[in-house]
Amino acid sequence: MTYMRIAVYPGSFDPITNGHLDIIERASRVFDKVIVGVLRNKNKSPEFTAEQRVGLIKKVTAHLENVETESFDGLLVDFARAHGAKVIVKGLRTVNDFEYEFQMALLNRALDNECETMFMMTDSKYSYISSSMIKELAGYKGNLEGLVPSEIIQYIKDKYEQ
């Protein structure tokens, strides 16, 4: 019996960083299919729309044939189940990330005991990068080289010049 190993990598990706891309690329080598799930959270006011975030991710993952990207709202386990995914991939930058993600993994497991969470440490050269930091840096017209994929730097700069 053959089956596809499908994973979901969820996040707000507001915007996607090199740390996020590192996790996506590595997960794409482990799983047959990786679905990047861009969360539409009505309790947050993202800088970029869900459609813009999906577009940016598709642009920087175009070289990965087994990666798909789409937005979602609602429960992550429902999104994963709807796509046949049995694994949720979570990227960790620091020990502080683990505390929150561990609680979320336990909650997701309680909601769907067939869904596993896999933690991946981002490459240490990206461990200090966050989307919040990117937005602040872009707001001050700082240099984004090496922090976000080069294909989207101008897009981010243009967004902050409006």
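Everything below is about the structure shown above.
This one's a predicted model, so the numbers in the text were calculated from it and none came from an experiment.

Let's shift gears to the packing of aromatic side chains. Using the criterion set out here, one finds five aromatic pairs in the structure. Three or more aromatic residues joined by ring pairs form one cluster here, namely Phe98, Phe102 and Phe119. Cation over ring: Lys159 sits above Phe48, and NZ or CZ is 5.4 Å from the ring centre.

In this section: the sheet that holds strand β4 (residues 87-92). Reading across the sheet, the five strands line up as β3-β2-β1-β4-β5 and stay open at both edges, with parallel pairing between neighbours. Only two strands of the sheet have a single neighbouring strand rather than two, namely β3 (67-72) and β5 (116-121). Taking each pair of neighbouring strands and ignoring which way they run, the sheet shows an average axis angle of 30°. Judged from the six bridges that link them, strand β2 (residues 33-39) and β3 form a sheet pairing that is parallel. By the bridge assignment, Ile35 is partnered in β3 with Glu68. Docked against the sheet, helix α1 (residues 18-30) engages β1 (6-11), β2, β3, β4 and β5, running at close to 120° with respect to β5. Docked against the sheet, helix α4 (residues 95-111) engages β4 and β5, running at close to 165° with respect to β5.

Here we take up helix α2 (residues 50-60). Taken residue by residue, α2 has Ala50, Arg53, Val54, Leu56, Ile57 and Val60 as its buried positions. Taken end-on, α2 shows its buried residues confined to a sector of 160°, consistent with a single buried face. The secondary structure elements touched by the buried residues of α2 are α1, β2, β3 and α6 (153-161).

What counts, and where the lines are drawn
Residues numbered from 1 in each chain as written. Predicted model: local features only at pLDDT ≥ 70, side-chain atom pairs only at ≥ 80, totals over all residues. Heavy atoms only, no water. Phe/Tyr/Trp six-rings, centres within 6.5 Å; stacked < 30°, edge-to-face > 60°. Lys NZ or Arg CZ within 6 Å of the ring centre and 35° of its normal. Pairing = 2+ DSSP bridges. Helix = DSSP H or I, 4+ residues; strand = E, 2+ residues; numbered from the N terminus. Axes fitted to C-alpha atoms, helices over the stretch in contact; angles between N-to-C directions. Contact = heavy atoms within 4.5 Å. Buried < 20%, exposed > 50% of the residue type's maximum accessible area, 1.4 Å probe, protein only. Arc of directions from axis to C-beta.

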